[in-house]
Structures are given as structure tokens and as C-alpha cells.
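# Structural features, examined
The lines below spell out each chain.
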Amino acid sequence: QADNTTQLLHSLQENRYHSRAIHHCHREINTLHHNLSRPPNTHKMVEEEVPLPILFHDVTPIPQEDGPHPVCAISYKEDFTEAMNYLRAVLRANELSARALKLTSICLKLNPANYTVWHFRRRCLQNLSSSSSSTKFAPESIQSDLEFSSKLGGSNPKNYQIWYHRRALLEPTFEAEMIKQKEGKEKGKEDEDDIIQKAKEELNYINGVLENDGKNYHAWSHRQWVLRTICFPPSIYNSELDYVHKLILDDPRNNSAWNHRWFITHKGCTRKPLSSLEDVQKEITYAMQCAEVDPFNESPWRYVIGFLEECKKYSGSEGNDVMEAADVKSLINSCEQEITKMRGNLGSTEYDVDSCVHLTSAKIDILEMKGDDISLEQVSVPILKAVTIFFTKVNHFQCM
């Protein structure tokens, strides 16, 4: 193969498209001679130093087809154009090789949002995997590509394609574990511990992303997928509660953190109510204390109303014998008393009680849940006040 490098140089000179590579050829020729004499497992390390025209010397690049008269042709950078032209050729040839994988790395560094490249990369990983399953990636490929996506994700924390790639890498292993759990199949403790550890590492990665942006939707969605997929021990959910509590302390208006607290208290089964009255009371007390600190914060009020509505809906239902109608009624009355107390405390300050719309909204919801004639009649009072305040402000702005 080393003897063919001279022919390679001549072929590059004859191809005008490869003219830029000629400047690299003389510099790389000695490295290529030395590299080709190495064992096959060392080739990958040196490939990173080889220019694309040399790496794909047997491939004819396919330029982008914009038509004879493009209305608004995009001025791509030269390295981007070169990489994508080779990618089109590789895609057409359906080449799922190590060098094609290397090419996807180059293309993704230039444009991390190209979902076609991410998809093709996973096909390459599957083809190069030594695993017997066609839907599984090799463990070393999973780890290296998680690191690769982490580096790209650092400057692209809201890139959906990167988050999906991480999920696609972990999904076959995680879901296979979940199937084993459902079917009651025996599994080695080392394998189970390895999967739990890998899931914890993924949660730690997400921690770093949320530290910079506590409201990153993609990060929260990915976190909940991990927690829902793996059957974690109870200690994980306790640590998740501590984690989300810290985020709420940092930003009490972080709706994403409140949503995750709901998810954690329900162990990921968001369509099933809590069966323990003690747990419900604990969560309502937690949210009411947060609301008392800042009554103008909508998040804790919605959290309280969410629990009350859930309890009312499922009280006395089959499989939820712990939550009786009398318990729910007691909870609703207790929350109403707390709201009345908060309104009194807020009235002693410089704030207008009726301007605290989230507190007022929560009171209306609770009165509606009570459903008796007196409560429904009381609902009209705050509603009329709210409407009056609204039109007063509208008139004020119209007169300005």
C-alpha cells in the first residue's frame, strides 16, 4: 500500500477539485508511508491528521446542487463545503466505515444541528459495532460518543439533535434492562450495577447543563426519560428531591423545577395519584410555605391546586383507598384557611391584596372545589374585583 502513495499524488494533481490538497500532500506523504506500515488498530489515531482529499482519495465529492440560477446562494466556508461534498458522496455509496464515522465528526463540528449527519453517524456506529445485536452499539462506542456529544453540547445546550443522540445511544441498553425487569429474568449484579452507574453519570451530566440554565427544556425532558426508563432504588428519588429543592431555593419561580418535583413525588407515574395522605400533606405544606414567602409567585400555587384537584378526582376510587373524600375535604379547608391568613398578612403591607392575582386565582379554584352554595357565591366576589381592577388599568393606559 505504501508504494501506491506516488500514484495517489498524481491522481490528486489531475483532479482540479482536489487542488487545495496538493499543498498538503508533500507534507503528509512521509507520515502516510509511516502510518500504512503500522498495525491496523493504530490507523484511527493518525486519520485525524490526514486531510479529507487523502483520506477519501477514491471518492469523488458531490457538490451541492442549487440549480442553474440560485436566488440566494449561501456562501459556505471552504472547509464546510469540502466536508459536506464528501459526505454526500459517502451517503450515496452507503459507506458505513471508520473513515465515514470520522467524516461525520468533522461535519458535526461544523454544524451540530444537522440531523441527517447524526443519523448517519449512528448507522456507522452500529455497523462498526462488535455486538451481536443489530440495534445495539458497542460499549466503547457509547462511551466515546457520549463524550463527543458532551463536547459539542457545551456550546449547544439546547440542540435537540445532540440530546436525541445521547438518548439513542443509551436507549437500547436501558430498555433491554427494563424488559428484563418486567419479565423477571435473571441478570448479573455487575451488569445491573453498571447500568445504574451509567444512568447516574448521565444525571450528573444533566446537572452541569442545568447549573448554567435551570430551565433548559431538553435537559429536563432527558432527565425524566432516564428516571422513567431505569428502575432506580428509592434512594435515587430522595436525592432527586434534595436536588430539585436546591434549584427551587435558587429560583422559586423555576416552573421546570416545580414540574420535576411533581414528577419525582409520583415516581415518574404522573397519571397515578399519591396513595399516602401523609405524602400529599407534606407536598402541600412545602408549596404553601413557598407561596407564603412570595404570594406573587404562580408556581407554588399551581402545585397546591394540582395536588388538590388530583386528590379530589381520585378520592375513594379503586386502588386509592387511603385517600377518602373526608381527607380531601379536610385538605381543601386547610388550604382555604391558609390563603385567608396570607391575604390578611399581605393586607397589612403596602401591597394591594386584590392585585395578587395568583393568590386570588388559587382561592377561586379552592372555592370551586368545595362546590357548596356558599362557596360558589363567594367565588363571585374576587372575580368581580379582578374584573374591576383589569378594566381600571385598561382605562388608565388608554388615557395615557
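Just so we're clear, the structure is a prediction, and the values are computed from it rather than from any experiment.

### As for the packing of aromatic side chains
- Evaluation of the coordinates by the stated rule reveals 11 aromatic pairs.
- Ring geometry for Phe174 and Trp225: centres 5.7 Å apart, planes at 25°, overall stacked. Of the two residues, Phe174 sits in helix H9 (residues 160-183) while Trp225 sits in helix H11 (residues 217-229), which places them 51 residues apart along the sequence.
- Under the relative-accessibility criterion, Phe174 is labelled buried at 0%.
- With relative accessibility at 6%, the residue Trp225 sits in the buried group.
- Each member of the aromatic cluster is reached from another via a ring pair, and the members are Trp258, Trp262, Tyr286, Tyr303 and Phe307.
- A cation over an aromatic ring shows up here: Arg166 above the ring of Tyr205, its NZ or CZ 3.8 Å from the ring centre.
- The ring of Tyr237 has Lys267 lying over it, and the distance from NZ or CZ to the ring centre is 5.5 Å.

### Some words on unusual backbone geometry
- Even without being glycine, Asn94 reaches a positive phi, approximately 55°.
- Inspection of the secondary structure assignment puts Asn94 in the loop between helix H5 (78-93) and helix H6 (98-110).

### Here we look at the packing of helix H13 (residues 255-265) against helix H15 (residues 298-314)
- The geometry of H13 relative to H15 is characterised by a closest axis approach of 10 Å and an angle of 25° between their N-to-C directions. In this view, H13 runs roughly parallel relative to H15, as classed from their interaxial angle. With respect to the hand of their crossing, H13 and H15 are arranged in right-handed fashion. Each of Asn255, Trp258, Arg261, Trp262 and Thr265 in H13 lies in contact with H15, whose residues at this interface are Ser299, Pro300, Tyr303, Gly306, Phe307 and Glu310.
- Residue composition of the contact of H13 with H15, by class: five nonpolar, four polar and two charged.

### Remarks on the confidence of the model for the chain
- Looking at the chain, the pLDDT average stands at 83 and 78% of residues meet or exceed 70.
- For residues 11-27, every residue scores under 50 in pLDDT, and the model assigns this stretch 22 contacts once sequence neighbours within four places are set aside.
- For residues 29-47, every residue scores under 50 in pLDDT, and the model assigns this stretch 22 contacts once sequence neighbours within four places are set aside.

### Focus on the nonpolar core
- Ranked by internal contacts, the top residues of the largest apolar core, which has 91 residues, are Phe232, Ile284 and Leu308.
- Beyond its immediate sequence surroundings of up to four residues, Ile284 is in contact with Val304, Phe307, Leu308, Leu331 and Cys335.

### Points about helix H7 (residues 115-128)
- If you check H7, its first and last C-alpha atoms are 20 Å apart, about what 14 residues at 1.5 Å a residue would give, namely 20 Å.
- For H7, every residue scored as buried is listed here: Val117, Trp118, Phe120, Arg121, Arg122, Cys124 and Leu125.
- If you check the start of H7, you find a side-chain oxygen 3.1 Å away from the backbone N of Thr116, and it comes from Asn114.

### Digging into the pattern of salt bridges
- A full pass over the atoms with the stated rule returns 12 salt bridges.
- One salt bridge in this structure joins Arg223 and Glu240, with 2.8 Å as the shortest N-O distance. Of this pair, Arg223 sits in helix H11 while Glu240 sits in helix H12 (residues 234-250); the two residues are 17 residues apart in sequence, bridging distant segments of the chain. Accessibility assignment for this pair places Arg223 and Glu240 in one class, buried.
- Arg261 serves as the salt-bridge partner of Glu283, at 2.8 Å between the closest nitrogen and oxygen. You can see Glu283 sitting in helix H14 (residues 277-293) and its partner Arg261 sitting in helix H13, a full 22 residues away along the chain. Considered together, Glu283 and Arg261 belong to a single accessibility category, that of buried residues.
- Counted as one network, the salt bridges with shared partners bring together Asp58, Glu95 and Arg99.

### Regarding the state of the cysteines
- One pass over the structure, following the stated rule, counts zero disulfides.
- Of the cysteine sulfurs around Cys335, a residue in no disulfide, the closest is that of Cys311, at 9.4 Å.
- Judged by its relative accessible area of 3%, Cys335 is buried.

About the cut-offs
Residues numbered from 1 in each chain as written. Predicted model: local features only at pLDDT ≥ 70, side-chain atom pairs only at ≥ 80, totals over all residues. Heavy atoms only, no water. Phe/Tyr/Trp six-rings, centres within 6.5 Å; stacked < 30°, edge-to-face > 60°. Helix = DSSP H or I, 4+ residues; strand = E, 2+ residues; numbered from the N terminus. Buried < 20%, exposed > 50% of the residue type's maximum accessible area, 1.4 Å probe, protein only. Lys NZ or Arg CZ within 6 Å of the ring centre and 35° of its normal. Axes fitted to C-alpha atoms, helices over the stretch in contact; angles between N-to-C directions. Parallel < 35°, antiparallel > 145°, perpendicular 65-115°, else oblique. Left-handed = near helix turned anticlockwise from the far one by under 90°. Contact = heavy atoms within 4.5 Å. Nonpolar A, V, L, I, M, F, W, Y, C, P; charged D, E, K, R; others polar. pLDDT = per-residue confidence, 0-100. Core = buried A, V, L, I, M, F, W, Y, C linked by side-chain atoms within 4.5 Å. Expected span 1.5 Å × (residues − 1). Polar contact = N/O pair within 3.5 Å; in protein donor to acceptor, adjacent residues only side chain to side chain. Salt bridge = Lys/Arg side-chain N within 4 Å of Asp/Glu carboxyl O. Disulfide = S-S within 2.5 Å.

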